[in-house]
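Single-letter residue listing:
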Amino acid sequence: MRNIVVVLTLLLFLPVKSQEITLRKGVVIDSISVNDSLAETFAIYIPTSYTRESPLPVIFIFDPLERGSRGVQLLRQAAEEQGYILAASNDITEGESLLNNVRAGTRLIEKVINFFPGSNHRVYTVGLGTGARVATVLPIIYPSIAGVIAVGDIWINTDYIEKKRDFYFIGVGGYYTPHNKLLLETTTFLNKAGVKAEFYQYDGSNEWPNSNIMFSVLGGFTLNEMQKGFKPADPVLIEKLYNADLEIVQQLLRTGKHYKAYEHLEVMEKKYSGYAKGDEIKQRLKDLGRDRILRIQNRQYTAIRDIEAENLDRLNYFFAEDVRGANFENLGWWNQQIKELQDLQESKNPAEAEMAFRLEGILGNMANSTYKNLEEENAAIDPLIFTAILQTIFDKENPRGYFNIISLSSQDGDYYTALLYLEDLLKTGYDDMESLYNIPGTLDLKLSPEYNGLIKEYLGESKYYNQ
């Protein structure tokens, strides 16, 4: 299809001269500047159906790894077929504070809404992980945001959202996502409060669902827009959305996930309640309800809910106690807990395996957030080092904990421990040499022959003593 060029003249919300930006419909365009005074950019996609006379809703996407084009590409086909403009920030990062990430999100919204003034009251946000926290904060700042898709995490003021009866919340949790339960509980709470809310699941954890799942998820907003009269009722599109959902169910059944298939049918029952699909979905639920495999899996998932809650309470209690007392002698016990969880991840009982992945992820999140809180409180060095060691136990591939120990030990004059954890980090395959020389508090250490010798041994070269 021929690309049609749309020229938009935009007067920035800051007092600077207007600039002309050329945007092509049907093409993902990346690295558009948000603000002349800041190095912030975004990616955008405008469907081929867009015209100034027929404004389309705008979806703002927040990926936690500064990958605006990744989010746009993921939703591009769904946006083209269902009629949405996509705009995705390249400046949302996991290491940044929520406040600063939200500020970057507001600057993006201000910029893009000026492009499409007719879409001001048809705005949605979508985010993954840290980006989902941004996506769920923004409706408090922009009451015109009509809905949020939160993938993998959430920061939501339920008191505020509860009052927005026309709001639409969609939680999306991977089977292994640590915040899966929180997303489900938020969805349930909002439904009871009279707010439209749905919960989808997918086979994953800290990454975006595949494009088929996102096509289905976005379909909730599309059907809602048709019901409200913002989009014309389109029987062909409705049928396509319905068939896409049915294919998800069939795929789950083909892979033996009967319990998950039943859950998705329950979402469909609510999603298509205003359309002539209700009876068919009810019959499918009834037929699947008699399935022997479903009954077995239902017992497994029901039993695991109580077990997971008990394990989480136990781990929370011991974690708080050990951090408070910096109980280094208990580090071996924590290593054992991780080993047992990882062994359980190989279980043939899917409910048990998924629980083990979630609990491991929850422990990692606990260590990261606790370390950050201790740092902000200027806590004593022992609890900080203890928590940093837990970071490396709970997530051996994440360099954050190793960096923290190297920094703290170096500042404390304990070069032996710093070098020990430097080598442990290098053994994981970490190869960003530049960052190894930018760890805070390591000025003397990084100039030492020992530090450079380890880096050269694993990476083939070092900054100093490289002969």
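Residues numbered from 1 in each chain as written. Predicted model: local features only at pLDDT ≥ 70, side-chain atom pairs only at ≥ 80, totals over all residues. Heavy atoms only, no water.

## Section: unusual backbone geometry
A negative phi angle is the norm for most residues apart from glycine, just as the trans form is the norm for most peptide bonds. Positioned with a positive phi, Ser-31 is a non-glycine residue whose angle comes to about 65°. Take Ser-31: it is sitting in strand E3 (residues 29-35). The class for Ser-31 is exposed, based on a relative accessible area of 52%. With a phi angle near 60°, Glu-66 is a residue other than glycine that sits in the positive phi range. Within the secondary structure, Glu-66 is located in the loop between strand E5 (58-62) and helix H1 (68-82). On the accessibility criterion, Glu-66 (43% relative accessible area) is partly exposed. (Helix = DSSP H or I, 4+ residues; strand = E, 2+ residues; numbered from the N terminus. Buried < 20%, exposed > 50% of the residue type's maximum accessible area, 1.4 Å probe, protein only.)

## Notes on the packing of helix H11 (residues 331-344) against helix H13 (residues 381-394)
The interhelical angle for the contact between H11 and H13, taken along N-to-C directions, is 25°, at an axis separation of 10 Å. Taken together, the axes of H11 and H13 lie roughly parallel to each other. The crossing of H11 and H13 is right-handed. Every residue of H13 that contacts H11 at Leu-331, Trp-334, Asn-335 and Ile-338 is listed here: Phe-386, Ile-389, Leu-390, Ile-393 and Phe-394. Residues belonging to the contact of H11 with H13 are distributed by class as follows: eight nonpolar, one polar and no charged. (Axes fitted to C-alpha atoms, helices over the stretch in contact; angles between N-to-C directions. Parallel < 35°, antiparallel > 145°, perpendicular 65-115°, else oblique. Left-handed = near helix turned anticlockwise from the far one by under 90°. Contact = heavy atoms within 4.5 Å. Nonpolar A, V, L, I, M, F, W, Y, C, P; charged D, E, K, R; others polar.)

## Looking at the packing of helix H7 (residues 235-254) against helix H8 (residues 258-271)
At a closest axis distance of 7 Å, the pairing of H7 and H8 adopts a crossing angle of 165°. Judged on the interaxial angle alone, H8 and H7 are roughly antiparallel. You can see that H7 and H8 cross each other, and the crossing is left-handed. Residue-level inspection shows Tyr-242, Asp-245, Leu-246, Ile-248, Val-249, Leu-252 and Leu-253 of H7 in contact with H8, the latter providing His-258, Lys-260, Ala-261, His-264, Leu-265, Met-268 and Lys-271. In terms of residue class, the contact of H7 with H8 is built from nine nonpolar, two polar and three charged.

## Remarks on the side chain of Thr-130
Within the fold, Thr-130 resides in helix H3 (residues 130-141). Owing to a relative accessible area of 19%, Thr-130 belongs among the buried residues under this scheme. In contact with Thr-130, other than residues within four places in its own chain, are Pro-64, Ile-92, Thr-93, Glu-94 and Asn-101.

## Remarks on the pairing of strand E6 (residues 85-89)
Of all the five residues making up E6, five are buried; the element is thus mostly covered by neighbouring parts of the structure. Side chains Ile-85, Ala-87 and Ser-89 of E6 all project onto a buried face; the interleaved residues Leu-86 and Ala-88 project onto the opposite face, where all are buried too. In this sheet, E6 lies alongside strand E4 (residues 38-45) in antiparallel orientation, the contact comprising four bridges. Along E6, the bridge assignment pairs Phe-42 with Ser-89. Where E5 and E6 come together, five bridges link them in parallel fashion. Within E6, the position partnered with Val-58 by the bridge is Ile-85. (Pairing = 2+ DSSP bridges.)

## Observations concerning the nonpolar core
Within the largest apolar cluster, 100 residues are counted, with the highest numbers of intra-cluster contacts made by Ile-149, Leu-390, Phe-394, Leu-422, Leu-436 and Tyr-451. At 10 residues, the largest contribution of residues to this core is made by helix H12 (residues 350-376). The contact partners of Leu-436, leaving out residues within four places of it in the chain, are Phe-403, Leu-422, Leu-425, Leu-426, Tyr-430, Tyr-451, Ile-455 and Leu-459. Counting residues in each nonpolar core, the second largest holds 43 residues, with Ile-32, Ala-87, Val-112 and Phe-167 among its members. (Core = buried A, V, L, I, M, F, W, Y, C linked by side-chain atoms within 4.5 Å.)

## Here we look at the pattern of salt bridges
The full count for this structure, using the stated rule, is 16 salt bridges. Where Lys-240 meets Glu-81, a salt bridge forms, and the shortest distance between an N and an O atom there is 2.5 Å. In this pair, Lys-240 is assigned in helix H7 and Glu-81 in helix H1, connecting sequence segments 159 residues apart. Note on Glu-81: relative accessible area 27%, which makes it partly exposed. Salt-bridge contacts for Arg-284 lead to Glu-280; the nearest nitrogen and oxygen are separated by 3.4 Å. Taken as a pair, Arg-284 and Glu-280 lie in helix H9 (residues 278-289) at a separation of four residues, close to a single helical turn. Under the relative-accessibility criterion, Glu-280 is labelled partly exposed at 34%. (Salt bridge = Lys/Arg side-chain N within 4 Å of Asp/Glu carboxyl O.)

## Considering the pairing of E3
As paired elements, E3 and E4 share four bridges and run antiparallel to each other. In the sheet register, Ser-33 faces E4, and the bridge partner there is Thr-41.

## Examining the packing of aromatic side chains
Scanning all chains against the criterion turns up 21 aromatic pairs. For the pair Phe-319 and Phe-394, a centre-to-centre distance of 6.5 Å together with 35° between the ring planes defines the contact as tilted. Taken together, the residues span a long stretch of sequence, with Phe-319 in helix H10 (residues 292-325) and Phe-394 in helix H13 at a distance of 75 residues. This pair shows no difference in class: Phe-319 is buried, exactly as Phe-394 is. Of the aromatic side chains, those joined through ring pairs into one cluster are Tyr-317, Phe-318, Phe-319, Trp-333, Trp-334 and Phe-394. (Phe/Tyr/Trp six-rings, centres within 6.5 Å; stacked < 30°, edge-to-face > 60°.)

## Description of the confidence of the model for the protein chain
When pLDDT is averaged along the protein chain, the result is 90, and 92% of the positions lie at 70 or above. In this model residues 1-19 is a low-confidence stretch, pLDDT under 50, and it forms 48 contacts with partners more than four residues away in sequence or in other chains. (pLDDT = per-residue confidence, 0-100.)

## What about H7?
Helix length check: H7 (20 residues) gives 28 Å between terminal C-alpha atoms against 28 Å at 1.5 Å per residue, within 8%. Turning to H7, its buried residues are Leu-237, Ile-238, Leu-241, Tyr-242, Asp-245, Leu-246, Ile-248, Val-249 and Leu-252. Structurally, H7 contributes buried residues whose contacts are with H1, helix H6 (211-228), H8 and H9. The N-cap residue of H7 is Asp-234: its side-chain oxygen and the backbone nitrogen of Val-236 are 3.1 Å apart. Phi for Gly-256, located one or two positions after H7, is positive at around 80°. (Expected span 1.5 Å × (residues − 1). Polar contact = N/O pair within 3.5 Å; in protein donor to acceptor, adjacent residues only side chain to side chain.)

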